[in-house]
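In case you want the letters, here they are:
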Amino acid sequence: METTLLKGALRLALLPASIIAALVTTPVLAQSADDAEPATELETMVVTGSRLKRASAEGALPVTVIEREEIESSGDISVSDFLRNTTFNSFGSFRPRSGSSAQAFSELSLRGLGGNRTLVLIDGRRAPVSPSTGTGQDLNAIPLAAVERFEILSDGASAIYGSDAIGGVVNVITRKDFNGVEFSGGLSKPKLEGGDTDEGQFLFGASSDRGSLIAGASYNSRGIVFQRDRDYSRGGASTFSNNYLNPNGTFFSAPSGPTAGTSIVPGGCSEPGFTISGNRCLYDFTFVAADEAELDQSALFTRARYDISENWSTYLNASVSRVKSFGRYAPGLATVAVAANTPNNPFDVDLNVRHRFASLGPRDDTVDSNAYDLSVGFLGRLADRVDVEVGARRNEFQTFTIGRNYPVIPLANAAIANGSYSILNPSENDPAVLNSIKATISRDSFTLNEELFGVASMDLFDMAGGAAAMSIGAEYRKEDYADLYDSLSEAGVIGGSAGASAGGGRSVRAAYFEVLLPVLANFEINLAGRYDKYSDYGADFSPKIGLRYQPTDALTLRASYGHGFAAPAIPLLIAAPAFGADFVTDTQTCIAFGLTPDCRDPVSGQVSTPQVTAWNIANPNLSSETSKQYSLGLAWDAADWINLTVDYWNIEINDLIAGITTNQIINCLAGQAVACPPGLSNLPVTAASGLPYEQAVPNPQLGLGLARDPATGLILYVQNGSANQGVLKTDGLDLNVRTNFDFGDWGTMRNQLQLGNVFSFTNDDSRNFVGDERTPEYRANLQTVYTLRDFDFSWNINYIHGTDSANALRDVPLAGVELTLPSWTTHDVQVAWNTPWNGKIALGVQNVANRGPVLDSLDPTGRGFDFGLYDGYGRVPYIRYTQSF
């Protein structure tokens, strides 16, 4: 798609989306009309943000290109690791973590808008959708060895690509022009325990005057990181250990015996990981749990092209990738009833026990993800003036998850009640009894996309600035999704796990156009529009206009305005109801539970929040999110050794798809909330008055709301889920400065500074969230590469601005707890030697100063720091060797 030579292509050199040249190469000195060489034939390419072919030049859209040399100098071994550290990944991205239902998944969050509003492409086509989340693309499924470069469009692009391109687009361009054989291998050993890596890849390429073939294989892995191996995560204290509770949820105080005056189960707090603190038994959940999951990635990929004739060629792209992950979480837990004077209750009063099933072993999750991608197509020219591409693509992404050592709560209840399982001495329980109350759970998820596409591009007529050009295209895509949990998890009887199966599909039909109008030699207009029709929720039209003005040879001014959309994810439309037990602060429910109206124990005065049955349901009435966005920028070749780009962006998203919580539903129906979605209602009583509230039956057709006992006002059940609600607004600035210096015999040096500044981030015109915990205002990267003969010396500086802590957001901050968090700066260095035998040896260190993550003692995730911004690997020395033939 990028190798056809077109006569007269110089007239298309300034199309709005083509800004590669000034961003990734040494600035080209402007030539006068007298000494300029005649441009009779120029190689053209399709760049991110456009379907038109053009010569490389600054355009109306901000595109940043990151070449393979920059990727290799970073020392990163995966697409996920590299892209997550770019300044465009403002905040809010997800990466692999132990104990998560998406343990092997990694996403990008351009502008902090989330992976569901960030579109990832592979050679201009959508990457497979992650089955673990049902939305967004998994970066871990893309092998780094296959990447030639990244093109990051930091502007909305629904007019070209359709759904999800609100925050921007990352286009992964795979390797194409390679001849010979290359293999490489490497490893790293962090200073801190865990997180070791190893990698290897093989690449083969051959070409002739009629075609080319490239094929490769790659593997990389990163070891698990346990919480006990880091000072900041070591030592956790959970009362879900072995403590007696009163039936109303308050801690029991033993009147006599060896644990008199405490809630501690006699004999049940003396095993590894358990400690006694005052009148409580505590369990150190970091004793066996991991923070960073183990991750193994492997892939096979190939790309072939054959010229059928002078005007027609065909291509085939195929890849298979596999990601295996292992994570370990603390043993399962539950609150279990123990009747008075039974083997597990020596007291003459009915109690509950907040119990940790440590004798069952840690919860171990193994994830096996497999992605298969195949595309075929034809490229050609009709009537010597229309360039055509037609093709078909099929990608399938399947994930299998196996979880071991999970307690089955009803079976555990029965074993505790009859005494066959002892909470007084858990490690001495009969292995047969332990096996009888635990389960191996499973989850089988997949997404399947099948696509047909066609696009035609042509010159229309001559204008003052050159030939007007147009591109028109159409796509048909079928999306299938399934997420199947084991029956016990789906029933909500597994301690520490739950899930609702979902399955369904939809079709998408789309048509689009793009027009270039070179009004003057130095001014052009780009118009684009796309219509998408979804079979499940409806249709969207996304128009866009781009302007480009070049007042001088060195200065380019650009602007764009457009609309975008993000379609609701299939699981949100069709998922089966999932059981949950939600904590509520509801006056009538608290009174029905025997508490005071403000939910306090009438004797002790302690807050005791009750739990109610809550069903998370799908919402078939969801519509798409829609956006309006514009950008203003400039590109300036200030001198032959420096160029820069500056771009302001502004995004407004309407009809946000947001999760509506149980307490939000309670407050909305009571008239005590400001922002409430439409359609909430008081639901019918589906369990007879007086029966336990657990017997409520969900009815998704009734929508979101709650039901109350007519006699007491007790909440019997709640149906929560997602709804279209609210407006999100954000804006900011991107700065990119590149310099190139030639010192003659003393070598060359190139620098690149990238700065991302988020000005504002608001919901429904609320206060500005920028600067809050997890929401930094600035991110910056500075890369310096000095080349002297056969040696390259690289130094990368990565900076994340400081934020407020979670404590600063409290109504009454806690004394002695930090209110602000510091900035985070890391330094990566590398020395590479290009050997005389066509090899390359690279030695490097990531995070030279061994900087730990920025910690927040009140971090809401319980891990101590934001996984989307920081990592806990510390200093990572590595070595890599590459041999080419």
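Residues numbered from 1 in each chain as written. Predicted model: local features only at pLDDT ≥ 70, side-chain atom pairs only at ≥ 80, totals over all residues. Heavy atoms only, no water.

Draft legend 1. Quick look at the overall build of the chain. Across its full length, the chain holds 10 helices and 46 strands. Expressed as lengths along the three principal axes of its C-alpha atoms, the size of the chain is roughly 105 × 60 × 50 Å. By the burial criterion, 55% of the 885 residues in the chain qualify as buried. Long-range pairs, those at least 24 residues apart, make up 70% of the contacts in the chain with a sequence separation of at least 6. When the accessible surface of the chain is split by element, carbon and sulfur atoms take 58% of a total near 35500 Å². Counting 64 positive and 97 negative side-chain charges, the chain places the centres of these two groups 2 Å from one another. (Helix = DSSP H or I, 4+ residues; strand = E, 2+ residues; numbered from the N terminus. Buried < 20%, exposed > 50% of the residue type's maximum accessible area, 1.4 Å probe, protein only. Contact = heavy atoms within 4.5 Å. Areas by Shrake-Rupley, 256 points an atom, 1.4 Å probe, with all protein chains shown as cover. Lys, Arg positive; Asp, Glu negative; His and termini not counted. Charge placed at Lys NZ, Arg CZ, Asp CG, Glu CD.)

Draft legend 2. Region of the structure containing the state of the cysteines. With the rule as written, the count across this model stands at 3 disulfides. A sulfur-sulfur distance of 1.7 Å marks the disulfide that ties Cys590 to Cys599. Across the S-S bond of Cys590 and Cys599 the torsion is about 75°, and the bridge reads as right-handed. Across the pair, exposure class does not vary: Cys590 and Cys599 are buried alike. Each bonded cysteine of the chain is numbered by sequence order, and under that numbering the disulfide pairs are 1-2, 3-4, 5-6. (Disulfide = S-S within 2.5 Å.)

Draft legend 3. Quick look at the packing of aromatic side chains. Taken as a whole, this structure holds 22 aromatic pairs when the rule is applied. Pairing Phe91 with Phe761 gives two aromatic rings, centres 5.4 Å apart and planes at 75°, and the pair type is edge-to-face. Pair noted here: Phe91 is in the loop between helix H3 (79–84) and strand E6 (118–122) and Phe761 is in strand E39 (residues 748–763), with a separation of 670 residues, a long-range link. We note that Phe91, like Phe761, is buried. Residues Phe791 and Phe793 carry aromatic rings whose centres are separated by 6.3 Å and whose planes lie at 20° to one another, so their mutual orientation is stacked. By relative accessible area, Phe793 is classed as partly exposed at 34%. (Phe/Tyr/Trp six-rings, centres within 6.5 Å; stacked < 30°, edge-to-face > 60°.)

Draft legend 4. Here's a closer look at the pairing of strand E18 (residues 294–307). Both strand E12 (residues 211–222) and E18 contribute to a ladder of 12 bridges, which runs antiparallel. Across the sheet, Ser212 pairs through a bridge with Arg305, a residue of E18. Sheet topology places E18 next to strand E19 (residues 312–329); 14 bridges connect them, and they run antiparallel. Within the sheet, the bridge partner assigned to Gln297 lies in E19 and is Val323. (Pairing = 2+ DSSP bridges.)

Draft legend 5. Quick peek at a nonpolar patch on the surface. Together, Ile472, Phe513, Leu527, Tyr531, Phe541, Ile545, Leu547, Tyr561, Tyr630 and Leu632 give the surface a local cluster of nonpolar side chains, amounting to about 850 Å² of exposed area. For the nonpolar patch, the secondary structure elements donating two or more residues are strand E27 (523–534), strand E28 (538–549) and strand E32 (625–639). Top element by residues in the nonpolar patch is E28. It accounts for 3 residues. Mapping Leu547 onto the fold places it in strand E28. (Patch = residues over 30% accessible without salt bridge, like charges linked within 9 Å, V, L, I, M, F, W, Y side chains within 5 Å. Salt bridge = Lys/Arg side-chain N within 4 Å of Asp/Glu carboxyl O.)

Draft legend 6. Layout of the sheet that holds E6. The mixed open sheet is built from 5 strands, whose spatial order is E5-E8-E9-E6-E7. At either margin of the open sheet sits one strand with a lone partner, and together these are strand E5 (63–67) and strand E7 (125–126). The pairing of E6 with strand E9 (residues 168–174) spans 5 bridges and is classified as parallel. Within the sheet, the bridge partner assigned to Ile122 lies in E9 and is Val172.

Draft legend 7. Here's a closer look at the nonpolar core. Of all hydrophobic cores here, the largest spans 21 residues; its most connected members are Tyr244, Val353, Phe357, Ile416, Tyr421, Ile423 and Ile437. Sorting elements by how many residues they give to this core places helix H5 (residues 409–418) first, with 4 residues. Not counting residues up to four positions away in its chain, the partners in contact with Val353 are Asn242, Asn243, Tyr244, Val265, Ala334, Thr335, Val336, Val338 and Ile423. (Core = buried A, V, L, I, M, F, W, Y, C linked by side-chain atoms within 4.5 Å.)

Draft legend 8. Representation of unusual backbone geometry. The backbone of Asn341 sits at a positive phi, close to 60°, despite the residue not being glycine. Despite not being glycine, Asn847 shows a phi value in the positive range, around 55°. Mapped onto the elements of the fold, Asn847 is located in the loop between strand E45 (839–846) and strand E46 (876–884). By relative accessible area, which is 5% here, Asn847 ends up buried.

Draft legend 9. Quick peek at H5. Taken residue by residue, H5 has Ile409, Ala412, Ala415 and Ile416 as its buried positions. Along the axis of H5, the buried residues cluster in a sector spanning 125°; they form a single face. Against the buried residues of H5 lie strand E20 (333–338) and strand E23 (386–407). (Arc of directions from axis to C-beta.)

Draft legend 10. Quick look at the environment of Tyr485. When you line up the elements, Tyr485 lands in strand E25 (residues 466–485). Polar side-chain contacts of Tyr485 include one of 3.3 Å to the side chain of Arg443. (Polar contact = N/O pair within 3.5 Å; in protein donor to acceptor, adjacent residues only side chain to side chain.)

Draft legend 11. Region of interest: the sheet that holds strand E21 (residues 351–356). Pairing in this open sheet of 3 strands is antiparallel, and the strands run E14-E21-E20 from one edge to the other. For this open sheet the edge positions go to strand E14 (242–245) and E20, each flanked by a neighbour on one side alone. Recorded for the sheet is a direction-independent mean angle of 25° between the axes of neighbouring strands. Taken together, the 6 bridges between E20 and E21 define a ladder with antiparallel strand orientation. Paired with Val338 across the strands is Leu351, a residue of E21. (Axes fitted to C-alpha atoms, helices over the stretch in contact; angles between N-to-C directions.)

Draft legend 12. A look at helix H10 (residues 662–669). The complete set of buried residues in H10 reads Thr662, Gln664, Ile665, Ile666 and Cys668. Where the residues of H10 are buried, they touch strand E30 (578–583), strand E31 (611–617), strand E34 (657–660), strand E36 (705–708) and strand E37 (715–724). At the exit of H10 stands Gly671, carrying a positive phi of roughly 75°.

Draft legend 13. Molecular detail of the side chain of Gln297. In this structure, Gln297 sits in strand E18. At a separation of 2.9 Å, a polar atom in the side chain of Gln297 contacts the main-chain carbonyl oxygen of Asn140. Beyond its immediate chain neighbours, meaning those up to four positions away, Gln297 contacts Ser78, Asn140, Ser218, Tyr219, Asn220, Arg322 and Val323.

Draft legend 14. Spotlight on the pattern of salt bridges. Under the definition given, this model contains 40 salt bridges. Across the pair Arg126 and Asp164 runs a salt bridge, and its minimum N-O distance is 3.4 Å. Of this pair, Arg126 sits in strand E7 while Asp164 sits in the loop between helix H4 (158–161) and E9; the two residues are 38 residues apart in sequence, bridging distant segments of the chain. Judged by its relative accessible area of 13%, Arg126 falls in the buried class. Between Glu479 and Arg506 there is a salt bridge, with its nearest N and O atoms 2.9 Å apart. Taken together, the residues Glu479 in strand E25 and Arg506 in strand E26 (residues 502–520) connect sequence positions 27 residues apart. There is no split in this pair, since Glu479 and Arg506 are both buried. The network of salt bridges with common partners includes Arg125, Glu451, Glu475, Arg530 and Asp532.

Draft legend 15. Main features of the pairing of E23. Within E23, 16 of the 22 residues are buried, leaving the element largely enclosed by the surrounding structure. When strand E22 (residues 363–382) meets E23, the two strands line up antiparallel, connected through 19 bridges. Each residue of the ladder has a partner; that of Ser375, found in E23, is Arg393. Here E22 folds back onto E23, and the loop between the two strands holds 3 residues, one of which, Ala383, carries a positive phi near 55°. Where E23 lies against strand E24 (residues 438–463), 20 bridges are found, and the strand directions are antiparallel. The residue bridging Ala392 from the neighbouring strand is Leu452, located in E24.

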